[in-house]
Amino acid sequence: MSALLMLLYWVVIPIGGFKLASWLFRRTKSLVIKGLVIFGTLVLYIWFLWIAVGRNMWLDHQVREMCAKDGGIKVYETVELPRERFDKYGNYHISPCGFTKPKDKYCLESKDHYYLRGNPVSTGSPDFFQSIYRVIRQSDGKVLGERSSFIRRGGGLPGPWHLTSFSCPGRISLVKSIFIMEKNDEHNR
């Protein structure tokens, strides 16, 4: 985060805008010019509030709408695997496509589609994108399931804090929805 950019947003724009408006307001005698100074000052502060809060609220609304329409998990086929294929927490680990070993039967493909590409770290302008994950069986290329989520990252005024973000749906595991532990007959007796 650029300290100069933070200084600009938090000090220079508010104080400079107020000082310029009060100086112009005192210097003129015309009511029309005084009205224009007041209008211009209001526009500056409304823009400032839009950057600080409004833009993120609007993008978060877009995230909610798109998640309701196209977000979530779709499972096309489940796979039962023996208990020894899962770790001690019941997780099945799957490699990203392109990084699989010859013995791996499945891979995880991911791609992002950007609707708005900003620069959240240095300028504070937000990213808005869809993230899609697919589990693919390598033998035939069949998609076993996919998860689609929409994300707003960044936005707001720059500062020393972490970036804000908003996404949905929640932390639903695509891999846990597809890969199921086999029922052990001895265990069920």
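Structural notes, computed from the coordinates. Not measured: the values here are computed from a predicted model. (Residues numbered from 1 in each chain as written. Predicted model: local features only at pLDDT ≥ 70, side-chain atom pairs only at ≥ 80, totals over all residues. Heavy atoms only, no water.)

Looking now at the layout of surface pockets. In this structure, the second largest pocket spans a volume of roughly 170 Å³. In terms of residue class, the lining of the second largest pocket is made up of three nonpolar, two polar and four charged. (1 Å grid on protein atoms, 1.4 Å probe; cavity = no way out; pocket = protein on both sides within 12 Å on 5 of 7 lines; lining within 4 Å. Points joined across faces, edges and corners; volume = space filled by probe spheres on them. Nonpolar A, V, L, I, M, F, W, Y, C, P; charged D, E, K, R; others polar.)

Judged by nonpolar contacts, Val79, Leu81, Phe86, Tyr92, Ile94, Tyr106, Val135, Leu144, Leu174, Val175, Ile178 and Phe179 together constitute the single largest core of 12 residues. Counting residues per element, the ones that place at least two in this core are β2 (79-81) and α3 (174-178). Tallying contributions element by element places α3 first for this core, with three residues. Excluding its chain neighbours within four sequence positions, the residues that come into contact with Tyr106 are Val79, Tyr92, Ile94, Ser95, Thr100, Ile136, Arg137, Gln138, Leu144 and Phe179. Of all hydrophobic cores here, the second largest spans seven residues; its members include Leu59, Met66, Phe128 and Cys168. (Core = buried A, V, L, I, M, F, W, Y, C linked by side-chain atoms within 4.5 Å. Buried < 20%, exposed > 50% of the residue type's maximum accessible area, 1.4 Å probe, protein only. Helix = DSSP H or I, 4+ residues; strand = E, 2+ residues; numbered from the N terminus. Contact = heavy atoms within 4.5 Å.)

This next bit is on the state of the cysteines. Under the defined criterion, the tally for this structure stands at two disulfides. Two residues share a disulfide in this structure: Cys67 and Cys168, whose sulfurs sit 1.9 Å from each other. Where Cys67 bonds to Cys168 through sulfur, the torsion about that S-S bond is close to 125°, and the disulfide is right-handed. Remark: Cys168 occurs in strand β7 (residues 165-168) and Cys67 occurs in helix α2 (residues 31-70); sequence separation between them is 101 residues. Judged by relative accessible area, Cys168 falls into the buried class, the value being 15%. The disulfide that involves Cys97 links it to Cys107, with 2.0 Å between the sulfurs. The sign of the 75° torsion about the S-S bond sets the Cys97-Cys107 disulfide as right-handed. Taken as a pair, Cys97 in the loop between β3 (95-96) and β4 (106-116) and Cys107 in strand β4 lie far apart in primary sequence, 10 residues in all. Relative accessible area serves as the criterion here: at 28%, Cys97 is assigned to the partly exposed category. The class for Cys107 is buried, based on a relative accessible area of 4%. Counting only the cysteines that form disulfides, in the order they appear in the protein chain, gives the pairing 1-4, 2-3. (Disulfide = S-S within 2.5 Å.)

A separate point is the pattern of salt bridges. If the charged atoms of two oppositely charged side chains come close together, the side chains can form a pair. One pass over the structure, following the stated rule, counts seven salt bridges. Asp60 serves as the salt-bridge partner of Arg152, at 2.8 Å between the closest nitrogen and oxygen. Placement of Arg152 in strand β6 (residues 143-153) and of Asp60 in helix α2 is noted, with a sequence separation of 92 residues between them. The pair Arg152 / Asp60 is uniform in exposure class, with both members buried. Arg137 is paired through a salt bridge with Asp140; the nearest N and O atoms lie 3.1 Å apart. Arg137 sits in the buried class, given a relative accessible area of 17%. Assessed through its relative accessible area of 48%, Asp140 is described here as partly exposed. A single network of salt bridges, built from pairs that share partners, joins Glu77, Arg137, Asp140 and Lys142. (Salt bridge = Lys/Arg side-chain N within 4 Å of Asp/Glu carboxyl O.)

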